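Descriptive structure summary
Now for the letters of each chain:
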Amino acid sequence: MDEIEYDFRRLEEKWAPVWEAERPFDVDDSVDDRPHKYILDMFPYPSGDLHMGHAEVYALGDVLARYWRLRGCRVLHPIGWDSFGLPAENAAIKRGVNPRDWTYDNIAQQRSSMKRYAASFDWSRVLHTSDPEYYKWNQWLFLEMFKKGLAYRKDSWVNWDPVDQTVLANEQVLPDGTSERSGAMVVKKKLTQWYFRITDYADRLLNDLDRLEATWPAKVLTMQRNWIGRSRGAEVVFTVEGSTREIPVFTTRPDTLFGATFMVVAPDSDLASELAASAEPAVRAAFAEYLTDVQKKTEIERQDATRPKTGVFLGVNAINPLNGESVPVWTADYVLADYGSGAIMAVPAHDQRDLDFARKYDLPVRIVVDVASDEPNDPAASRVPLTGDGPHINSGPLDGLNKADAIAKAIEILEEAGTGKGATTYRLRDWLISRQRYWGTPIPIIHGEDGELIPVPADQLPVVLPPTEGLDLRPKGSSPLGAAEDWVNVPDPRDGSPARRDPDTMDTFVDSSWYFLRFLSPNDDTQAFDPERVKAWAPVDQYVGGVEHAILHLLYARFITKVLFDLGHIDFDEPFEALLNQGMVILDGSKMSKSKGNIVFFGEELDKFGVDAVRLTMAFAGPPEDDIDWADVSVTGSHKFLARAWRIADDVTSAVGADPSTGSAALRRVTHKLLADIGGLVESYKFNVVVARAMDLVNHVRKEIDSGAGAADAAVREAAEVLALVLSMFAPHTAEDMWELLGHEKFVGLQTLPVADESLLVEDSITAIVQINGKVKERLEVATDITEAELLERATALVASALEGKTIRTTIVRAPKLVNIVLAD
RNA sequence: GCCCCAAUAGCCCAACCGGCAGAGGCAGACGACUUAAAAUCGUCACAGUCAGGGUUCGAAUCCCUGUUGGGGCACCA
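What comes next is a walk through the structure. Keep in mind that what you see is a predicted model, and the values were worked out from it rather than measured.

**Brief notes about the pattern of salt bridges**
Counted under the stated rule, the structure contains 45 salt bridges. Where arginine 615 meets aspartate 62, a salt bridge forms, and the shortest distance between an N and an O atom there is 2.8 Å. On the criterion of sequence distance, the pair formed by arginine 615 in helix 20 (residues 611-620) and aspartate 62 in helix 2 (residues 52-70) is long-range, its members being 553 residues apart. Between arginine 125 and aspartate 122 there is a salt bridge, and its shortest N-O distance comes to 2.8 Å. Residue classification places arginine 125 among the buried residues on the basis of a relative accessible area of 6%. Of the residues examined, aspartate 122 reaches a relative accessible area of 0% and is grouped as buried.

Below, the structure is given as structure tokens:
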């Protein structure tokens, strides 16, 4: 008797070298008419070794990649590294090593862990965003955008991280006002920086989310919609009294123009300074003092909506273009300089913030919408503004109209008079992409002595980072590259006169916003991506990654895709057809962290239970989007199941090709039911259910072998083969070995899943239930094609005693499953 | 404060269109094998679906209210 037992170490050592040598999952550029599927897992950042979060995402992504291969598709499943970024640089500074060495050492470690984990990646097309061969095309992309005016410089208030000593994009500042990277409280600084004009794409980025409704998580769609934050309304131009100076305001409620009793300008806006400058000295002093106060406030203080309103009168009045009324102009920090025009008309009767301010400074409150209510409607007394709908009053031409009609009418009047127009604004701001740090893609711009911005000529790309030798990488508020004299001083491409390179590097989110295209032709040194390959593979059919990128990375990738579409480089404008966000791996109800000491180590889990058991556990723990509490799952249980499955393949004694129709029909039904259901289950991400069904099949086969048809039955072989195929998605070593035990040639992962035989699924009898008043009373075996009349007759006969003396009010018959007899009371 | 999602056995989770609450696993009890243990194999038990109301012949499933947990947004005019 064969004494070999299931031993995950033996299987890993047996199969890893075979896959490494034969590369079954590499995809070449040959033409192939199978359907193509591009399955992409978010590529990792190389900080240390892989952790349990990686273990989850790469297990689940691989289930999908391997599933589509079993379905006969040609699958592209690449991997690479998002290897530029601050952590590398900070770690390098701390340890005195080169950020490049630190990064590539970590990549080497992660790469070997990833290979051990046996995800079916195409290892022939690995890319690292920190390779000049990659970032050359990042620079190309930047210049494409620069030429179209989509990359530009402006002087503005920016988010400054005082720890990392660099600017941050709005998306990198957390709601509490801290930096998502360093955790430091972000401060505002006025600096000239590079931006991408993402706001030009706000409408499309918002509207196109509708197309992703069925295939992206609702949560991500909501977050993106909130982030873009479109508001429709009107721009209304007020004029400063006794001057020609104009104050444009944005409002969503132009219908309440007659209720505007004052105006508010953001204190940190240019407009406020200008207005104050021409005011009398007392006002100037008061403004200066207020501005200083405001700028001392942290973001978190400023954003606290419950904070009492403060402000200063600017000493001027402005004329309401609709009714000619003169209203005072104030400045207050509840108005933001960088939203709308940085100024508002205040309608205290119908807006909470304006009402709070009016009450504080005793400004008039005028009701212009007659909101129906039983309570007395007096916002000035109740402190509650009237935000409902109703006929307008005190509003001249708008009187009697409801909200929607009054808004339309107000815009019409403004447009006719040339004092305003319908307008839309967004919460989304332009994407600030320059960073004052070393380890990133150099911005390929040369600053001429005359201040001109000159693109680095295409034949001089890439602009390669200078060596770190002699550079001080410590954060100091300006890019370390500026000190690399040999690098930064270059001849002006126009005439050879002295010029300087732009010393900043790009936000690493630029790198990751198009990497999915580079995977299609990673070694092409003539272009960023090959249009033929793009046509064959893109867009990505299935993207898999963490919800932490719900806004940042996904919004940027969508934006860049639309830019590339507009520039004619690609013919689609959404990068990711479907998105799966996996949850986190946690421990004992909380996030794993070094400081809490509650960490499960990736390598240790693999050592203890084996790669296959860990991967299977990731899939089996629950719905993929839920968090997995490692304390709640049993990797041992997974291991036991795999051993049980493997032994079945070992037990099979029938020959390859044995005709299953001669075998156990009951077992065949279970096997084929799984085959029939597996597609729907995997495609709706119910991997845990697939595993449960595979366990069920194992239980049935075991029973059949031990106390049924026996190991030689052909249906047992059929079930074992299906098991090997299904398990290849979760447990590649075990499945490959089972496939071999069953007498087949490698590779199980390149096989096609058999189609379910429908005729085996048809049951000829079923258990019908008999209810009285909706309560189950009896069960009976009936033919599946029983008629309603016959079913009712048999059911009635069965419960005859219970019906005695009762009046039947009605009967519900759902043949062949159910009869419900409803009695009159 | 506003919006969204969830709640099923001791635990993790299933349940197609409203039709017998249970597919699977963990933990548990018992048995077989064993000198014994582990491994293995087998058997068993356990909830009426967060609470309350409604619709329906019939509700875990649909509707309303609330509780708890999670997430998002939050001075964006």
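On we go.
**A few points about the nonpolar core**
With 93 residues, the main nonpolar core has Tyr117, Met618, Trp630, Phe687, Met729 and Phe730 as its most contacted residues. By residue number, the principal contributor to this core is helix 2, which donates 12 residues. Those residues in contact with tyrosine 117, other than ones at most four positions away along the chain, are Ala55, Tyr58, Ala59, Phe602, Leu606, Val611, Val614, Arg615 and Met618.

**What to know about the side chain of asparagine 159**
Considering the arrangement of structural elements, one finds asparagine 159 in strand 3 (residues 151-161). Since its relative accessible area comes to 5%, asparagine 159 is described here as buried. Among all residues touching asparagine 159, those that are not within four sequence positions of it are Thr166, Val167, Leu168, Ala169, Asn170, Val173, Val186, Val187 and Lys188.

**Examining the packing of aromatic side chains**
Under the defined criterion, the tally for this structure stands at 33 aromatic pairs. Summarising the aromatic geometry, the rings of tryptophan 137 and tryptophan 140 are spaced 6.3 Å apart at their centres and angled 70° between planes, so their arrangement reads as edge-to-face. You can see tryptophan 137 and its partner tryptophan 140 sitting in helix 5 (residues 132-147), three residues apart, about one turn around the helix. The class for tryptophan 137 is buried, based on a relative accessible area of 7%. Relative to phenylalanine 529, the ring of tryptophan 140 has its centre 6.2 Å away and its plane inclined at 85°; by these criteria the two rings are edge-to-face. Here the residue tryptophan 140 occupies a position in helix 5, and phenylalanine 529 occupies one in the loop between helix 16 (515-518) and helix 17 (531-537), the gap between them amounting to 389 residues. Note on phenylalanine 529: relative accessible area 6%, which makes it buried. Through a chain of ring-to-ring contacts, the aromatic side chains of Phe142, Phe146, Trp194, Phe196, Tyr201, Trp431, Phe509, Tyr556 and Phe559 assemble into a single cluster. The aromatic ring of tryptophan 160 is capped on one face by lysine 189, whose charged end is 4.1 Å from the ring centroid.

**Here's the deal with the pairing of strand 6 (residues 230-240)**
Here strand 6 pairs with strand 12 (residues 420-426) via seven bridges, running antiparallel. Bridge pairing in strand 12 places valine 236 opposite glycine 420. Taken together, the six bridges between strand 6 and strand 7 (residues 246-251) define a ladder with antiparallel strand orientation. Residue alanine 234 lies in a different strand from strand 7, and its bridge partner there is threonine 251. Hairpin connection of strand 6 to strand 7: five residues between the antiparallel strands, including glycine 242 at a positive phi of 75°.

**Here's the deal with the protein's contact with RNA strand B**
Near RNA strand B lie 49 residues; those nearest to it are Ser231, Thr252, Arg353, Arg427 and Asn820. In the model, a sugar or linking oxygen of RNA strand B is placed 3.1 Å from a nitrogen or oxygen of the arginine 647 side chain. Side-chain polar atom of glutamine 771 to a base nitrogen of RNA strand B: 3.1 Å apart, as the coordinates give it. Among the secondary structure elements, those contributing two or more residues to the surface near RNA strand B are helix 7 (218-228), strand 7, helix 21 (635-651), helix 23 (687-707), strand 25 (765-772), strand 26 (775-783), strand 27 (808-814) and strand 28 (818-823). Counting residues per element, the surface near RNA strand B draws most heavily on helix 23, at seven residues. For the surface near RNA strand B, a count of residues per class yields 19 nonpolar, 11 polar and 19 charged.

Calculation criteria
- Residues numbered from 1 in each chain as written.
- Chains lettered and ligands numbered in written order.
- Predicted model: local features only at pLDDT ≥ 70, side-chain atom pairs only at ≥ 80, totals over all residues.
- Heavy atoms only, no water.
- Salt bridge = Lys/Arg side-chain N within 4 Å of Asp/Glu carboxyl O.
- Helix = DSSP H or I, 4+ residues; strand = E, 2+ residues; numbered from the N terminus.
- Buried < 20%, exposed > 50% of the residue type's maximum accessible area, 1.4 Å probe, protein only.
- Core = buried A, V, L, I, M, F, W, Y, C linked by side-chain atoms within 4.5 Å.
- Contact = heavy atoms within 4.5 Å.
- Phe/Tyr/Trp six-rings, centres within 6.5 Å; stacked < 30°, edge-to-face > 60°.
- Lys NZ or Arg CZ within 6 Å of the ring centre and 35° of its normal.
- Pairing = 2+ DSSP bridges.
- Near = heavy atom within 4 Å.
- Polar contact = N/O pair within 3.5 Å; in protein donor to acceptor, adjacent residues only side chain to side chain.
- Nonpolar A, V, L, I, M, F, W, Y, C, P; charged D, E, K, R; others polar.

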